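Structural description and commentary
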Number of protein chains: 2
Amino acid sequence: MDLATYLHDKKIVVENTLKDICTSFTTTPGILRNAMEYMLFSNGKKIRPILAIAACEAKGRSADDFLPCFCTLEMIHTYSLIHDDLPSVDNDDLRRGRPTCHKAFGEAVAIMAGDGLLTEAFRVLTDSRFTERVSPKVSRQIVFEIAHAAGTEGMVGGQVMDIIYENKEGSKNILHYIHSHKTAAMLRASVRIGAIAGSAKTRELKSFTRYGDAIGLAFQIMDDILDVEGDEEMVGKKLKKDANKQTYVKHYGILASKYKLEQLVDEAVKSIAFLGENGRVLEEIARFIGNRIS
Amino acid sequence: MDLATYLHDKKIVVENTLKDICTSFTTTPGILRNAMEYMLFSNGKKIRPILAIAACEAKGRSADDFLPCFCTLEMIHTYSLIHDDLPSVDNDDLRRGRPTCHKAFGEAVAIMAGDGLLTEAFRVLTDSRFTERVSPKVSRQIVFEIAHAAGTEGMVGGQVMDIIYENKEGSKNILHYIHSHKTAAMLRASVRIGAIAGSAKTRELKSFTRYGDAIGLAFQIMDDILDVEGDEEMVGKKLKKDANKQTYVKHYGILASKYKLEQLVDEAVKSIAFLGENGRVLEEIARFIGNRIS
């Protein structure tokens, strides 16, 4: 198995499912749909739905019945990018190599496009058109996992702390709160809902969760490293702008950050060793996250 | 039955349930929780959860098991107010007689408080702590109803059209789109999920929906009338500011607006005549909406 091919193939599957989902916005105002699709189909890695697919397949189950559910992870991630980029938040003009949503559609429409993506994610998760073969019980579990991870004790909580500790001394505790909430919570949830869809038992789910926690933190630390050492064109956004933020590099230095990243990748790989050959894709994704350049 | 007493008593029940819900934000950053509670417990009517309670009780079922579910309607309504008031949207400084959320907490935190309330609504709807006696099937139905009504084919869609047709000629068609989506969609959903919780049959649900549509439109037309004729102190927000918006008064005049309002209240009352004595509260709420001064 070649990971690059796997990621490429699954990205196409995810994009096609997202296109299907967008055809269900039949009476949505045109400008709103355009703004949502503009960001949804910009050149992202689609790593969250892919992680869910990989976790589900690692349990020996096809992800086909759950594709729309898994794609809501990308809808929620996309909403968070749109709102993070707003002038009163991170004030970014460039995202994935293109003008940010509010630069292209205006601030009010960008706010509503984010709200729309977030709300429609929960509609898709419970829409009979997209969940025909998902039991109501599993539906409820997945909605809870995603809402909890995206909410004020998860992603939104991390984002608020990230903003209010900008230009402040901060501390390692604050850094750890931000890091385990802002990005890691949704990455962990991606792995967990894949495992839940694959009928993972309680003990297995704990191991998947440890894997998700480890790659989630690794992902954010890599973001901090890329901000300092990355190539702006490759990464697709303005770099060297996190100097006033709580970053791993700021609190631990660049070498310790790279060492921590390596440790987290190892921890992720060990957590899913019980899957044997079935865990190969997840293992390679963990290594990929530890080596990514964009 | 005295409606004022009913509304007062149920408002307390709703506020207490919302307080319960807020105690579940245990690791939420303090400033975020404060911003959410600031708006959630400002002096609103709590009419959406009360409508759901009234519809559920009209079917002869106690609303007790569904109170947290019904209160998510208020969380979503509150998020929509916070985002609508933002400088780049309606730019309002005053709401329910107090500074708006972004005036009190800053724009970034206000955006996140809205995002948080919206996301946590879906967490509460699927959290076993709050849905112990709600079957997974009904949970899924309620999440779908709310997400669809709040989404891009509902409230968010209406809000976008409201913004982009500001300072434009517009048309009666545009007005009807805005009116049936921006406010009416969520009011209709409130009635529907109450009826669903009360195990309404398909034909009954249609009648509840007609009632919800009628009071939803009536509510918005009354808003348009209050903007022209209301008392600023009673209404609790700046009035006479919708002159550049698509309003019923603008397209039909004040007399035709009042006539339409009367017709809609009659239509609402007729739609639930089948409930007999059990429908008395809903009937009085419809008349209340047609006569409200705030």
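Conventions adopted
- Residues numbered from 1 in each chain as written.
- Chains lettered and ligands numbered in written order.
- Predicted model: local features only at pLDDT ≥ 70, side-chain atom pairs only at ≥ 80, totals over all residues.
- Helix = DSSP H or I, 4+ residues; strand = E, 2+ residues; numbered from the N terminus.
- Rg over C-alpha atoms; globule rule 2.2 N^0.38 Å.
- Buried ≥ 20, exposed ≤ 12 C-beta atoms within 10 Å, placed from the backbone.
- Contact = placed C-beta atoms within 7 Å.
- Nonpolar A, V, L, I, M, F, W, Y, C, P; charged D, E, K, R; others polar.
- Least-squares fit on C-alpha atoms with pLDDT ≥ 70 in both.
- Expected span 1.5 Å × (residues − 1).
- Arc of directions from axis to C-beta.
- Axes fitted to C-alpha atoms, helices over the stretch in contact; angles between N-to-C directions.
- Parallel < 35°, antiparallel > 145°, perpendicular 65-115°, else oblique.
- pLDDT = per-residue confidence, 0-100.
- Core = buried A, V, L, I, M, F, W, Y, C linked by C-beta atoms within 7 Å.

With that settled, the discussion passes to the overall build of chain A. The number of helices and strands found in chain A is 15 helices and two strands. A compact globule built from 294 residues should have a C-alpha radius of gyration of about 19 Å, and chain A, at 18 Å, falls within 12% of that. Summarising its shape, the C-alpha atoms of chain A cover approximately 50 × 50 × 35 Å along the three principal directions. Buried residues in chain A amount to 54% of all 294 residues.

Attention shifts here to the interface of chain A and chain B. Tallying the contact residues gives 43 residues for chain A and 43 residues for chain B. Counting only elements with at least two residues in the side of chain A that touches chain B, the list comes to helix H2 (30–40), helix H6 (107–126), helix H7 (136–150) and helix H8 (155–164) of chain A. Per element, the largest residue contribution to the side of chain A that touches chain B is 13 residues, and it comes from H6 of chain A. Along the lines of polarity and charge, the residues of the side of chain A that touches chain B split into 22 nonpolar, 13 polar and eight charged.

Its rotation angle being 180 degrees, the transformation that places chain A on chain B also includes 0.0 Å of axial translation and leaves an RMSD of 0.0 Å. Viewed as a symmetry operation, the transformation between the two copies matches a two-fold axis. When C-alpha positions in chain A are compared against the rotation axis, the closest is assigned to Pro 136 of chain A, at 2.6 Å. Residue by residue, 100% of the interface of chain A is reproduced at the interface of chain B, so both copies engage with the same surface.

This paragraph deals with the environment of Arg 33 of chain B. All names here are of chain B. Locating Arg 33 in the fold gives a position in helix H2 (residues 30–40). Given 19 C-beta atoms within a 10 Å radius, Arg 33 is considered partly exposed. Sequence separation between Arg 33 and Leu 187 is 154 residues; the distance between their C-alpha atoms is 26 Å. Not counting the four nearest positions on each side in its chain, Arg 33 is found in contact with Phe 25 and Thr 28.

All names here are of chain B. Between its first and last C-alpha atoms helix H1 (residues 3–23) spans 30 Å; for 21 residues at 1.5 Å apiece the expected length is 30 Å, and the two agree. Along H1, the positions that sit buried rather than exposed are Lys 10, Val 14, Thr 17, Leu 18 and Ile 21. One side of H1 carries all its buried residues, which in axial view fall inside an arc of 105 degrees. When the buried face of H1 is taken as reference, the exposed residues oriented beyond 90 degrees from it are Ala 4, Thr 5, His 8, Asp 9, Ile 12, Asn 16 and Thr 23. Taken together, the buried residues of H1 touch H2, helix H3 (47–58), helix H4 (67–85) and helix H6 (107–126).

With that out of the way, let us pick up the packing of H4 of chain B against helix H10 (residues 184–197) of chain B. Residue and element names in this part refer to chain B. Orientation of H4 relative to H10, taken along the N-to-C sense of each, is 170 degrees, at an axis distance of 10 Å. By the angle class used here, H4 and H10 are roughly antiparallel. Here Phe 70, Leu 73, Ile 76 and His 77 of H4 lie close against H10, whose contacting residues are Met 186, Ser 190 and Gly 194.

When pLDDT is averaged along chain A, the result is 95, and 100% of the positions lie at 70 or above. In the predicted assembly, ipTM is 0.96 and pTM is 0.96.

Residues Ala 113 and Ala 218 of chain A together with Ala 113 and Ala 218 of chain B are the most contacted members of the largest nonpolar core, which totals 191 residues. What Ala 218 of chain A contacts, discounting residues up to four positions off in sequence, is Leu 261, Leu 264, Val 265, Ala 268, Ile 289 and Gly 290 of chain A.

Moving on: the environment of Lys 250 of chain B. The residue Lys 250 of chain B is located in helix H13 (residues 248–252) in this model. Taking C-alpha positions, Lys 250 of chain B is 9.6 Å from Leu 175 of chain B, a pair spaced 75 residues apart along the chain.

Running from N to C, H6 of chain A and helix H8 (residues 155–164) of chain B point in directions that differ by 170 degrees, and their axes come no closer than 10 Å. Of the possible angle classes, the one that applies to H6 of chain A and H8 of chain B is roughly antiparallel. Of H8 of chain B, the residues touching H6 of chain A (which contributes Ala 108, Val 109, Met 112, Asp 115, Gly 116 and Thr 119 of chain A) are Val 156, Gln 159, Val 160 and Ile 163 of chain B.

Here we take up unusual backbone geometry. All names here are of chain B. Not every positive phi belongs to a glycine, and Asn 91 is a case in point at roughly 50 degrees. Mapping Asn 91 onto the fold places it in the loop between H4 and strand E1 (94–95). Non-glycine residue Asn 167 carries a positive phi angle of around 60 degrees.

Turning our attention to helix H15 (residues 280–291) of chain B. Residue and element names in this part refer to chain B. Its 12 residues place the ends of H15 17 Å apart at the C-alpha level, agreeing with the 16 Å of an ideal helix rising 1.5 Å per residue. Restricting attention to buried positions, one finds in H15 the residues Val 281, Leu 282, Glu 283, Ile 285, Ala 286, Ile 289 and Gly 290. In the core, the buried residues of H15 are packed alongside H1, H3, helix H11 (202–229) and helix H14 (254–271).

Once that is clear, we can look at the environment of His 148 of chain B. Assignment of secondary structure puts His 148 of chain B in helix H7 (residues 136–150). Each residue touching His 148 of chain B, except ones within four places of it in the same chain, is listed here: Arg 123 of chain A together with Glu 153 and Gly 154 of chain B.

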